[in-house]
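Letter by letter, the chains look like this.
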Amino acid sequence: YKRQEEYYELLAYHYGHSDNNQMALEYLERANQKSIGMNAMQEAIGIFEEAMKLLDTMPDTEENRQKRISLLSNQFFAFRLLNRAPEFYEILLHHEPTAFGLKNEGVRGAFYVALGYCEYSFGEWDQSIKSLTRGIKLCEKEDNVEMAAHAYVALETIYDMTSSYDQVFKINKVILQLLKQRFNPRLYVQSFILTSDAYLYLGRWQEALKECQKAFAVAKEYSNDSLISFSTAVFSMIHRLRGDQKQALEYSKVAVKKAPTPFDKLVSQTTLGAAYCHAGEPRKGIELLEKLIPIYESAKYIPMQVSTNIVIGQGHWLAGSYDQARQALEKGLALAERYNMKFCVGWAHQLIGEIALMGNTAEATSHFEKSIDVLRKINAESILPLAYAGYGRCHKKQGNMAQAREYLTKALEMLERLGTLIEPEKIKKELAELPET
């Protein structure tokens with residue numbers, strides 16, 4: 001089988017020059033999937049376009065329509081990893097009437113899944129959940145296990161982005177059951193990256209690392225550089241938020257080095273920019289991150305657009321350019337609120353609170369209160385103690401020493417319980433300096 005795989009392109013070419021269009025199409029499809037598996041996305045799209053052109057010359061039968069929609073629905077990762085999801089969505093919409101007229105429910109279901117994938121990328125959560133749920137129903141009915149697993153991974157992503165972490169863990173179990181029937185390394189890695197992400201926001205660093213390790217092990221086993229880069233970028237993020245900036249920087253450099261596709265390069269460079277900001281080189285970090293925002297915008301990849309704006313704001317704050325920090329953070333906050341990304345809302349309020357604390361204590365208090373309110377509801381203990389500490393400092397500035405002590409102590413206890421390296425020493429010092437009440 002492995003030997004035959006080497007000749008898919010040649011066989012497609014051979015049959016393409018005979019009268020056997022069906023076999024030519026069959027091998028083009030196989031070559032397309034092989035290229036996607038090897039992260040050769042440009043090549044995959046070239047083969048996909050060739051197959052679509054071939055279908056244009058073939059009779060317009062139900063079977064050929066099914067082949068067209070089936071082929072099309074499988075292209076999401078090729079377009080996405082080239083940062084071309086909006087273009088893919090246009091092609092899907094063009095073929096929507098054909099897809100919806102099909103008798104085969106499994107193929108129709110796969111088309112809904114492809115639509116749902118694009119919609120979640122664009123931050124259209126409700127529409128995406130509708131498309132994906134419809135896709136899952138049809139795929140499961142027809143035993144299209146792999147496409148159902150694709151849909152669940154997209155759903156898991158939406159719940160991660162909108163801070164419904166319990167749902168993330170629940171869906172991960174469903175995906176693992178489906179992957180037992182038909183294994184797909186990309187879906188496995190993505191699913192565990194998402195559980196790692198959820199633990200990261202919850203401040204459960206060790207569990208976040210453990211889940212990321214599972215993803216990384218499979219990426220390595222399959223020697224898939226795209227997945228190796230992706231999981232290494234997440235290792236960097238975990239260490240950065242926990243406060244180990246040396247590790248964060250090392251991991252992000254490896255992620256950049258390994259990144260084979262434009263999307264992998266984008267994600268890994270984002271983590272590198274963020275790592276620079278926290279490792280004492282904020283100007284270098286900001287410069288890198290600001291170049292990436294237009295790419296996220298043209299790829300319409302909302303989740304990363306939101307968080308990258310906040311990271312740029314944080315970089316400016318660390319660099320001492322407070323006006324620019326506030327500008328980026330307010331942009332990030334507005335986007336986070338618009339797309340109901342609760343963790344990012346709480347995080348942006350916490351950072352704006354830190355900036356406001358230097359001049360306007362009342363304004364700072366309001367931002368910290370909003371941050372605490374949002375982060376407490378979703379149990380996001382990665383940032384919550386930092387908001388408590390800021391709130392404690394507001395009280396200290398206003399002369400409420402008892403409350404200052406209460407919130408700084410709360411922050412310190414949480415940081416120590418979680419093993420977070422950011423701030424504990426600073427807070428201990430502040431607590432020691434507080435006058436006795």
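Residues numbered from 1 in each chain as written. Predicted model: local features only at pLDDT ≥ 70, side-chain atom pairs only at ≥ 80, totals over all residues. Heavy atoms only, no water.

1. Focus: the pattern of salt bridges
Once the charged atoms of two side chains with opposite charge are near each other, the side chains can pair. As enumerated under the stated definition, the model contains 28 salt bridges in all. Arg326 serves as the salt-bridge partner of Glu330, at 3.1 Å between the closest nitrogen and oxygen. In this pair, Glu330 and Arg326 both sit in helix 19 (residues 322-338), 4 residues apart, roughly one turn of the helix. For Glu330, a relative accessible area of 39% corresponds to the partly exposed category. Of the charged contacts in the structure, one is a salt bridge between Glu436 and Arg405, with a shortest N-O distance of 3.9 Å. Taken together, the residues Glu436 in the segment after helix 24 (424-433) and Arg405 in helix 23 (residues 401-418) connect sequence positions 31 residues apart. When its relative accessible area of 71% is taken as the criterion, Glu436 is described as exposed. Linked by salt bridges that have partners in common, Glu354, Arg393, Glu423, Lys426 and Glu430 make up one network. (Salt bridge = Lys/Arg side-chain N within 4 Å of Asp/Glu carboxyl O. Helix = DSSP H or I, 4+ residues; strand = E, 2+ residues; numbered from the N terminus. Buried < 20%, exposed > 50% of the residue type's maximum accessible area, 1.4 Å probe, protein only.)

2. Details of helix 23
Over its 18 residues, helix 23 extends 26 Å from the first C-alpha to the last, a length consistent with the 26 Å expected when each residue adds 1.5 Å. Within helix 23, burial applies to Met401, Ala404, Tyr407, Leu408, Ala411, Leu412, Met414, Leu415 and Leu418. Down the axis, helix 23 shows its buried residues gathered within 165° of arc, on one side only. In this structure, helix 23 carries Ala402, Glu413 and Arg417 as exposed residues pointing more than 90 degrees from its buried face. In this structure, the buried residues of helix 23 make contact with helix 13 (205-221), helix 22 (384-397) and helix 24. Directly beyond the C-terminal end of helix 23, a positive phi value near 80° is found at Gly419. (Expected span 1.5 Å × (residues − 1). Arc of directions from axis to C-beta. Contact = heavy atoms within 4.5 Å.)

3. Overview of unusual backbone geometry
For residues other than glycine, phi is negative in most cases, and the peptide bonds are mostly trans. Of note in this structure, Asn83 is not a glycine but carries a positive phi near 60°. On the secondary structure map, Asn83 appears in the loop between helix 6 (76-80) and helix 7 (85-100). Judged by relative accessible area, which is 16%, Asn83 ranks as buried. Although it is not a glycine, Asn379 sits at a positive phi angle of roughly 65°. For Asn379, the location among the structural elements is in the loop between helix 21 (361-377) and helix 22.

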